[in-house]
Amino acid sequence: MNPDIDKLTRLAAQVRRDIVRMVHGCQSGHPGGSLGCADYFVALYFHALKHNTKFDMDGNDEDLFFLSNGHISPVWYSVLARSGYFELSELASFRKINSRLQGHPTTHEGLPGIRVASGSLGQGMSVAIGAALAKKLNKDNRLVYSLHGDGELQEGQTWEAAMYASHNKVDNLISAIDVNGQQIDGSTENVLSLGNLRAKWEAFGWEVLEMNGNDMSDVIRVLDLAVSKTGKGKPIMILMQTMMGNGIDFMMHSHKWHGVAPNDEQLALALAQVEETHGDY
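These numbers come from a predicted model, not from an experiment.

1. Section: the packing of aromatic side chains
Piece 1. The full count for this structure, using the stated rule, is eleven aromatic pairs.
Piece 2. A centroid spacing of 5.4 Å and a plane angle of 80 degrees characterise the contact between Phe-41 and Phe-65, whose relative ring orientation is edge-to-face. With a gap of 24 residues between them, Phe-41 in helix α3 (residues 38-48) and Phe-65 in strand β1 (residues 64-67) connect regions that are remote in the sequence. In terms of burial, Phe-41 and Phe-65 fall into one category: buried.

2. Here we look at helix α1 (residues 5-26)
Piece 1. End to end, α1 covers 32 Å across 22 residues, agreeing with the expected 32 Å (1.5 Å per residue, within 8%).
Piece 2. The opening residue of α1 is Asp-4, an N-cap whose side-chain oxygen sits 3.2 Å from the backbone nitrogen of Asp-6.
Piece 3. Two residues or fewer after α1 comes Gln-27, characterised by a positive phi angle close to 55 degrees.

3. As for the side chain of Ser-175
Piece 1. Its location among the elements puts Ser-175 in strand β3 (residues 173-179).
Piece 2. In this structure Ser-175 touches Met-125, Ser-146, His-148, Trp-206, Ile-236, Met-237 and Ile-238, once residues within four positions along its chain are discounted.

4. Looking at the sheet that holds strand β7 (residues 236-241)
Piece 1. Spatially, five strands are ordered β1-β2-β3-β7-β6 in an open sheet, and the strand pairing comes out parallel. Sheet topology places β1 and β6 (207-212) at the edges, where each strand pairs with a single neighbour. Each strand axis lies, on average, 20 degrees off the axis of its neighbour in the sheet, ignoring direction.
Piece 2. As paired strands, β1 and strand β2 (residues 144-149) are joined by four bridges and run parallel to one another. Each residue of the ladder has a partner; that of Phe-66, found in β2, is Ser-146.
Piece 3. Against the sheet, helix α5 (residues 124-137) engages β1, β2, β3 and β7, with an angle of about 175 degrees to β2.

Rules of the game
Residue indices begin from 1 for each chain and proceed along its sequence in written order. Whole-chain, interface and lining totals are the exception, using all residues; otherwise, since this is a predicted model, local features are given only for residues with pLDDT of at least 70 and side-chain atom pairs are given and counted only at 80 or more. Side-chain calculation: all heavy atoms of the structure are included, whereas hydrogens and water are not. In this analysis, rings of Phe, Tyr and Trp, with Trp reduced to its six-membered ring, are considered paired at centre separations within 6.5 Å, and the interplanar angle assigns stacked below 30 degrees, edge-to-face beyond 60, and tilted for intermediate values. Secondary structure elements follow DSSP: runs of H or I no shorter than four residues count as helices, runs of E no shorter than two count as strands, and numbering proceeds from the N terminus. Here's how the labels work: a residue is buried when its accessible area is under 20% of the maximum for its type, exposed when over 50%, partly exposed in between, all with a 1.4 Å probe on protein chains only. Expected helix span is taken as 1.5 Å per residue step, with the number of steps being one fewer than the number of residues. Any N or O atom pair separated by 3.5 Å or less is treated as a polar contact, with the protein-specific requirement of one donor-capable and one acceptor-capable atom, and with residues adjacent in sequence counted only for side-chain atom pairs. Contact definition: two residues touch when any of their heavy atoms are within 4.5 Å. In short, DSSP must find at least two bridges between two strands for them to pair. Here, axes are lines fitted to C-alpha atoms. For helices the fit covers the stretch in contact, and angles between N-to-C directions go from 0 to 180 degrees.

Written out as structure tokens, the structure is:
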């Protein structure tokens, strides 16, 4: 299937509007990473992922997605709603009392699309590997996708899981890392340098791809390429270069918008830069 890149790009613009409006509405949340990953999520849910909006936890005969860096929940909730998992109007309840849209995704509220609580960094790789192995045991040939932050790679559990995945030939797993170079306390280079990520993941036995996570054409190209490389004995890792705060100039190039909500004036400035393409919730 040849995707309509312009259509997906326009949808990503609307998702970016959703993100800043959600975080502004409760004056809490993480806009920076969410904005940077909007293109990936749109490409995943509207092109790559074989999924069913009539949600059930088992996800038999469909692709599964796990978000490890759960603090970027605004972008996931927006894409889930715009995919049809739940009503768009529910986005207005983000991080509010009794909302199903918690700051970090959880399962006990029964929000469709969420299969595991996340946000305790470093754990998502282990969860995704477990799900991928379960599909193999069940002779289910669908794939498992996961997304991780680059700062999250400072957690040791990630590397234990990476070693396990290659040893056990978990070749139905496509993971991605949001390489934006920023984390809550500053740049990853200053907090704890990650070194050569391609060399690291290759040394751990993974097939490594790279893409510009803020170029929809490149995201589609590399996701399709990743699928073509599954089933060949190696897990797949996509190093996804993004800009934190992408699409909103005053949120870009800095870690300062990792977890800060815009005020009224800042929201207006942000929305003026991002076209309303599919109607605000």
